[in-house]
Structures are given as C-alpha cells and as structure tokens.
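# Close look at the chain arrangement
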Amino acid sequence: MAERSVLVTGGGGGLGGAVVAAFVEAGWRVVVPERTARPGSGPAADDLVRLVADLSDPAGAARAVEAAAGAPDAPLRAVVNLAGGYASGGLVHETPVADFERMLTVNLRPTYLVTQAALPHLVAAGGGAVVCVAARAAVAPFAGAAGYVTSKAAVLALANAVAVEYRSRNVRCNTVLPSVIDTPANRAAQPDADHSRWVAPAEIASVIRFLASADSAPTSGATVPVYGRA
C-alpha cells in the first residue's frame, strides 16, 4: 500500500499521462483531478484516484486537494502542477485583452489555487514538494504568443515565491521548463519539424518525480530546463 500521495493536475494530457505513470510505478498514491470524466479514464491501479473538479474554481481546487490529502496512511507529500494550455495570436498590439487574460486563467489560476489549497496540508504533514511546469518561453520568449509567454513567466515567479515563503516550513517548490514536448498533438501541429530533437514526456516525468521525492531534498527554488535537443 502506498505511503504517500501526490496530486497531479493536467494528468490527462500528453505529459500528464507519463507523469501519472511514473508516480504509480514508484509506489505513490496518485490523485488526478479532471474537468470532466473521460471515457476509459477510470483507475488503472489500486492507488490511482480520479475525480471531477474544475481547478479554475477555488471550490474545485479545494475539493481536489482534500481528496489528495484524505488518506491518513498516505499523507499528501507532493503537488505537480501540469494543468494549462497554449494559444498563439498576433503581436501585442493585435491581441485582445480577453485573449491575453485567458492565458493567465488557463495557466496561472489553477496553479495558484491548487498550490494555495495544498500548502497547509504539506506543512501539516511535515513538509513536501510542489513542482510547477512553466515553459522555455518564460525565459526565452518568442513572437506571437504574449499571453502564453506572460502566463508561463508568472507560473515561474509564483513557484519562486512559494519556495521563499515556505522554506522554513520544509516545503520545497521547483519549476521545470520544457521546450517542445513530443506529443501526438504537437506532432500534428508541426508535422515537418524534426521530432527527434523534442523531449519525450517520459523524460520530463522522471525529472518531475525526482523533484517531488526526498532525493531532491536540498533543492528548492530551482528552474530546471528540460529541452531535449530542441
């Protein structure tokens, strides 16, 4: 039986599936909130828990965290913030403010609400880890996606703030920065790209699992590039 729990948001995505599998393989109890129940998304392992929750809503985020922290024999020890999305557009002067703000809602809001709700549980359990997923664009922007770039930079800034604020309470927070992840969706969007240069989801999942584990205990406030050869 698992002795520790991890909450993985965005667990149904191309990266999320690999992250969930990595934690299940390592013997964690894994809780995966989903906006809607998907056919065939039922538990594939005894310690895999799925539930429906809207993580952009404070009540939904709190419900997901309560489920993750609800097993006394497997206290919540880690949160992995994968939930998010991408949208491109024009230059800044061509981008409606509603489109810009939507990226903040999609990428920053769930990360903030879930982390906010989880921190008291991590502190009460004696400590733990938060891992956030930003993007290389947060430190190396490209044109035509100001909302996405800004939202991912905000995720990185939030993670660094959490690392500073909770250092004395034994809660660590680190961020990984993927480049282009080798997922079916990205291959479909960029069919002519050199996919061999992209980073595989399983490779990123291994880094995330390490950052969530006690093996990375001295590390907090780190920004970890996971670029592959892209």
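Predicted, not measured: the structure shown is a model, and the values here were computed from it.

Across the sheet, 7 strands lie side by side as 3-2-1-4-5-6-7; this open sheet has parallel pairing. The sheet terminates laterally at strand 3 (48–52) and strand 7 (223–226), the two strands that pair on one side only. Averaged over all pairs of adjacent strands, the angle between their axes in this sheet comes to 20°, without regard to strand direction. Most of the contacts of helix 2 (residues 58–68) go to strand 2 (residues 29–34), to which it runs at about 165°, and overall it touches strand 1 (5–9), strand 2, strand 3 and strand 4 (76–81). Taken strand by strand, helix 6 (residues 201–212) contacts strand 4, strand 5 (128–133), strand 6 (171–178) and strand 7, and its axis lies near 165° from that of strand 6.

Moving on: the side chain of S216. Tracing the backbone through its elements, the reader meets S216 in the loop between helix 6 and strand 7. A relative accessible area of 1% places S216 in the buried class. Among the polar contacts made by the side chain of S216, one reaches the main-chain carbonyl oxygen of L211 at a distance of 3.1 Å. Contact partners of S216, with chain neighbours within four places excluded, come to R172, F210 and L211.

Here the focus is the packing of aromatic side chains. Counting across every chain of the model gives 2 aromatic pairs. With 5.1 Å between their ring centres and 85° between their planes, F23 and W28 make a pair best called edge-to-face. Note on accessibility: F23 and W28 belong to one class, buried. Here R136 stacks its cationic end above the ring of Y227, 4.8 Å away from the centre of that ring.

On to the state of the cysteines, then. A full pass over the atoms with the stated rule returns 0 disulfides. The cysteine C132 is free of any disulfide, with C173 supplying the nearest cysteine sulfur at 4.2 Å. By relative accessible area, which is 1% here, C173 ends up buried.

Before going further, it helps to examine the environment of A230. Structurally, A230 can be placed in the segment after strand 7. Separated by 153 residues in sequence, A230 and R77 place their C-alpha atoms 32 Å apart. Contact partners of A230, with chain neighbours within four places excluded, come to R136, S179, R197 and W198.

This brings us to the packing of helix 3 (residues 97–124) against helix 4 (residues 146–165). With their axes 7 Å apart at the nearest point, helix 3 and helix 4 run at an angle of 20° to one another. One element, helix 3, and the other, helix 4, form an angle in the roughly parallel class. Note that helix 3 runs across helix 4; the crossing there is right-handed. Two secondary-structure elements touch here, helix 3 through F100, M103, L104, N107, L108, T111, Y112, T115 and L119 and helix 4 through A146, G147, Y148, T150, S151, K152, A154, V155, L158 and V162. In terms of residue class, the contact of helix 3 with helix 4 is made up of 12 nonpolar, 6 polar and 1 charged.

Relative to the 16 Å expected for 12 residues at 1.5 Å per residue, helix 1 (residues 14–25) spans 18 Å between its end C-alpha atoms, a close match to the ideal helical length. In this structure, the buried side of helix 1 is in contact with strand 1, strand 2, strand 3, strand 4 and helix 6. Looking one or two residues beyond helix 1, the residue adopting positive phi is G27, at roughly 90°.

Cut-offs and rules
Residues numbered from 1 in each chain as written. Predicted model: local features only at pLDDT ≥ 70, side-chain atom pairs only at ≥ 80, totals over all residues. Heavy atoms only, no water. Pairing = 2+ DSSP bridges. Helix = DSSP H or I, 4+ residues; strand = E, 2+ residues; numbered from the N terminus. Axes fitted to C-alpha atoms, helices over the stretch in contact; angles between N-to-C directions. Contact = heavy atoms within 4.5 Å. Buried < 20%, exposed > 50% of the residue type's maximum accessible area, 1.4 Å probe, protein only. Polar contact = N/O pair within 3.5 Å; in protein donor to acceptor, adjacent residues only side chain to side chain. Phe/Tyr/Trp six-rings, centres within 6.5 Å; stacked < 30°, edge-to-face > 60°. Lys NZ or Arg CZ within 6 Å of the ring centre and 35° of its normal. Disulfide = S-S within 2.5 Å. Parallel < 35°, antiparallel > 145°, perpendicular 65-115°, else oblique. Left-handed = near helix turned anticlockwise from the far one by under 90°. Nonpolar A, V, L, I, M, F, W, Y, C, P; charged D, E, K, R; others polar. Expected span 1.5 Å × (residues − 1).

Function cannot be inferred from these measures alone, as they are strictly geometric.
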